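# Fold and contact review
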Amino acid sequence: MFRNLLKHSIRALKRQKGYVLINVGGLAIGIACSLIIGLFIYQKLSYDQYHEKKDRIHQLVLHGLIGTNEFKGSYTAPPIGPAMHREFPEVESFLRMNTFNQTVVKSEEKFFIENHFIESDSTFFDFFSIEIVRGNMPTALNQPYTLVLSETTAQKIFGDENPIDKMIKIGTHEQMHRVTAIMKDIPENTHFKANMVGSFMTNSRADEQNWLSNSFSTYLLLYPGTTAASVESRIPEMLIKYVGPEIYEMMGVSLDDFLKQGNIYNIYLLPLTDIQLTPDVEQEMTTPNDPRYLKIFGSIGILILIIAAINFMNLSTAQATKRAKEVGVKKVSGSSQFLLLWQFLLETIILAFIAMLMAIVITEISIPIINNLLDIHLIINYFSPWYTIPVLLLLAAFIGILAGIYPAFYLSSFDPVRVLKGKAGNGSNLINLRRILTTLQFAISIVLIVGTLIMHRQINYMLNKELGFNKEQVFVISRASVLDDQVNSFKNELLGIPGVLSVSSSTAVPGHDNNNNGHTIVGRPEESFILTTNWVDFDYLTTYGIELSDGRFFDPNIVSDQQASLINEQAVRNFQLNDPLQTKFVDGNPERTHIPVIGVVKDFHHESLRTEIRPYILKFKAEGLNFGYVSIRLDSGSPKPVIEQINKVWNSFTAQQPMLSFFMDEDFERLYLEEKQNAALSVIFTLLAVIIASLGLYGLTSFTISQKTKEIGVRKTFGASTSDIWMMVVKEIVILIAISTAIAWPLIYWVAENWLQNYYYRIQLNPLDFVQGLFLATSIAMITISYRAIKAASLNPSISLRYE
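Just so it is clear, the model here is predicted, and its values are computed rather than measured. (Residues numbered from 1 in each chain as written. Predicted model: local features only at pLDDT ≥ 70, side-chain atom pairs only at ≥ 80, totals over all residues. Heavy atoms only, no water.)

This part covers unusual backbone geometry. The residue Asp48 is not glycine, and still its phi comes out positive at about 65°. With respect to the element layout, Asp48 can be found in the loop between helix H2 (17-45) and strand E1 (57-66). On the accessibility criterion, Asp48 (0% relative accessible area) is buried. (Helix = DSSP H or I, 4+ residues; strand = E, 2+ residues; numbered from the N terminus. Buried < 20%, exposed > 50% of the residue type's maximum accessible area, 1.4 Å probe, protein only.)

Our focus in this paragraph is the pattern of salt bridges. Per the stated rule, a full pass over the model turns up 26 salt bridges. Between Lys166 and Glu161 there is a salt bridge whose closest N-O contact spans 2.9 Å. The class for Lys166 is partly exposed, based on a relative accessible area of 28%. The partner of Asp290 in a salt bridge is Arg292, and the shortest N-O contact between them spans 3.2 Å. Among the charged side chains, a network of salt bridges with common partners joins Arg86, Glu87 and Lys241. (Salt bridge = Lys/Arg side-chain N within 4 Å of Asp/Glu carboxyl O.)

On the secondary structure map, Asp256 appears in helix H8 (residues 255-260). Owing to a relative accessible area of 44%, Asp256 belongs among the partly exposed residues under this scheme.

As a further point, take the confidence of the model for the chain. Taken over all residues, the pLDDT of the chain has a mean of 85, while the share at 70 or more is 88%. The least confident element of the chain, judged by mean pLDDT, is helix H1 (residues 2-14) at 51; the most confident is strand E12 (residues 217-222) at 97. (pLDDT = per-residue confidence, 0-100.)

Let's shift gears to the layout of surface pockets. A volume near 830 Å³ is recorded for the second largest pocket. Every residue lining the second largest pocket is counted, 23 residues in all, and those nearest its centre are Leu39, Tyr42, Ile379, Pro385 and Thr388. Contributions of two or more residues to the lining of the second largest pocket are made by H2 and helix H12 (388-412). The greatest single-element share of the lining of the second largest pocket, amounting to 6 residues, is contributed by H2. The residue inventory of the lining of the second largest pocket, partitioned by class, reads 13 nonpolar, 9 polar and 1 charged. (1 Å grid on protein atoms, 1.4 Å probe; cavity = no way out; pocket = protein on both sides within 12 Å on 5 of 7 lines; lining within 4 Å. Points joined across faces, edges and corners; volume = space filled by probe spheres on them. Nonpolar A, V, L, I, M, F, W, Y, C, P; charged D, E, K, R; others polar.)

What follows covers the packing of aromatic side chains. Counting across every chain of the model gives 31 aromatic pairs. Arranged with centres 5.4 Å apart and planes meeting at 70°, the rings of Phe124 and Phe128 form a pair that is edge-to-face. On the basis of relative accessible area, Phe124 is assigned to the buried category, the value being 0%. We classify Phe128 as buried; its relative accessible area is 1%. Centre to centre, the rings of Phe200 and Phe216 are 5.1 Å apart; their planes meet at 85°, and the pair counts as edge-to-face. Of this pair, Phe200 sits in the loop between strand E11 (196-199) and E12 while Phe216 sits in the loop between E11 and E12, and the two are 16 residues apart along the sequence. For Phe216, a relative accessible area of 3% puts it in the buried group. (Phe/Tyr/Trp six-rings, centres within 6.5 Å; stacked < 30°, edge-to-face > 60°.)

As a further point, take the nonpolar core. Note that soluble globular proteins tend to have their nonpolar side chains buried in a common cluster. Among the nonpolar cores identified, the biggest contains 52 residues, and Tyr544, Leu618 and Met664 are the most heavily contacted of them. The element best represented in this core is helix H14 (residues 428-464), accounting for 10 residues. Leave out the neighbours within four places in its chain, and Leu618 touches Asn534, Val536, Tyr540, Leu541, Phe553, Phe554, Ala564, Ser565, Leu566 and Val601. If you look at the next biggest cluster of nonpolar residues, it comprises 42 residues, including Phe297, Ile304, Ala309 and Leu681. (Core = buried A, V, L, I, M, F, W, Y, C linked by side-chain atoms within 4.5 Å. Contact = heavy atoms within 4.5 Å.)

Okay, the packing of helix H15 (residues 487-495) against helix H18 (residues 639-654) next. In contact at an axis separation of 10 Å, H15 and H18 are set at 150° when each is read in the N-to-C sense. One element, H15, and the other, H18, form an angle in the roughly antiparallel class. Remark: the crossing between H15 and H18 carries right-handed chirality. Contacts between H15 and H18 involve Ser489, Phe490, Glu493 and Leu494 from the former and Ile646, Val649, Trp650 and Phe653 from the latter. Looking at the contact of H15 with H18 residue by residue, the classes come out as 6 nonpolar, 1 polar and 1 charged. (Axes fitted to C-alpha atoms, helices over the stretch in contact; angles between N-to-C directions. Parallel < 35°, antiparallel > 145°, perpendicular 65-115°, else oblique. Left-handed = near helix turned anticlockwise from the far one by under 90°.)

If you want it as structure tokens, here you go:
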């Protein structure tokens, strides 16, 4: 029986080549879009899932609130991991990690630049399921100045030589590091990147006992059967014991009194597999993804599938009258409704499987293009996990059943007597169903178009908003520590290069903050204030074009200015400073240094526009404070020859060490990499969704016109113009678009308002966004159906009247 059903189904599909082409094409594009979106979501959700002990590994998160400044971050003090391992029975082991940006590696006389270097405790390979392919795992990092390389990095530095026990120089360390092991490359779906892992014992702060110096990521491995909650219940007692004395020494109040003032100082545990999807926790090792984007793209994938399924249902029900006599003859010949139902359903499932095969081909072709375009790393593996192919087969079957169940019931239910008398056809129920489906399709299209327009407008706003500093033509050299005490001499040499307008040395630059320090204010000892701190020289404001709103900047002729500071307007507002130039801060150092404020700078964005500008303090960069950056403002000419001269000067000061650098405008845009990627994806998938909808609309219009061919001929005979015929065809579509708009606008307004809450600095929704979306959707619909309508209206009436 199944063989006969299959044979009849294939014959029926062969007779409807145009219908099959449109339906399979639309379904294939829809499934391909959903597969790519599914891969994107799966990749984000798969982070750190491959670690065998993932359920027992937790990261420590510091949650602080001082005054109006709240902070959640993975930055913790060096002694906290050892103390919790020593005193908490639930903790089996601990791991501390410290990450570096670009690092210069020297092997013999060759220099290499490594982007992913971390320091870690020797428990690294006990925590994470990363295989050692050479060397001894237990002893790989148990001594200072030992180093584990990834296979790729080992090949890059040493080629085919055995790297074990080779000595290499890392960064500015004088002592050489010894390679003790080689590990497999760490998978992409890991919340940290590391091509070189050095021993944490090398770090000069490894044994530091300062509990308020939060700089490292700390992880705990809990014993089986224990819970994070039981560990967290012990943390307040530990903080009283260790953090309390340091709070008292710094501020003169107990930790209990500090918390009673409304402040927060707490540590909690974040599961390993949640790290990449918790954007409200600032990470040292990674930039977390916002799970709301995954929900948005998941919704887009479902909507695209719905559009493709609607196309199928619309075209299938539209084809019903053409197949009415086939149904009537088969029923008269003894075929049951059940067999007919299965025949029509089988046709749909066959189409869905053909569409799935085409979708896989489209996906394979598209993935490399999307990866290259968006700098992401999507891959599809049909055999890992094992259920990939079964899921694809079930998805094809589900889509086929979902899209074909109503048309199959409708076609198989025809009364053979009425059909053979020519009375079966497009009943009012069927027409209403197609109207409902088309309305839903247009509503989805409008939602996607308007949503994409709003997303792009927000991103353009962030990329082009006035930042309070001039990011154009600023060339930044990192690793200023290589210059040691020669920073000022280096600056003077650069100022002699034609095209260099100004040069500044600082410990931080916009987009690269590295210090948040606690302060009190003279006269307000009971209060605490957190300020993002940047030590700068006399040329910082000039180089970055930051403006003063009150007071003055550091003056090289006033010696006392080297113990002074400037703050931003946000600090004045947050700390309620009525007379900021009479304010003196007290830092948290044991010396309790008084730091007078001599000026106020206008607010500038030192972080992304997702967050509010934080209170900021500029202190003078004294001799010996050599870490950080050198920023160089160039004139508006071609930067290439100027940078070549800068590089020559750098080489003369650093004995040919590589110069690590970036342009500030390009680097600042990296803060919005996730938004730019997601916006590009939304454009691609919205465009494809509209194409799918257009395919269905074109097929449905073609069928509708074929049903009205004689009517068009009669109207033409009685003097109707081409525009009259066009209006007859499109007027119903216009009405459906109006209904779709009434559905789509409130929905997208609600979605967009919620999405924009992610950004402190954001656009306001504009009626023009919604009108533009409606205009685009209407224009696409009109273009889609007008060609077919005008062609039918231009047909000779004598041909139309003979149409069967």
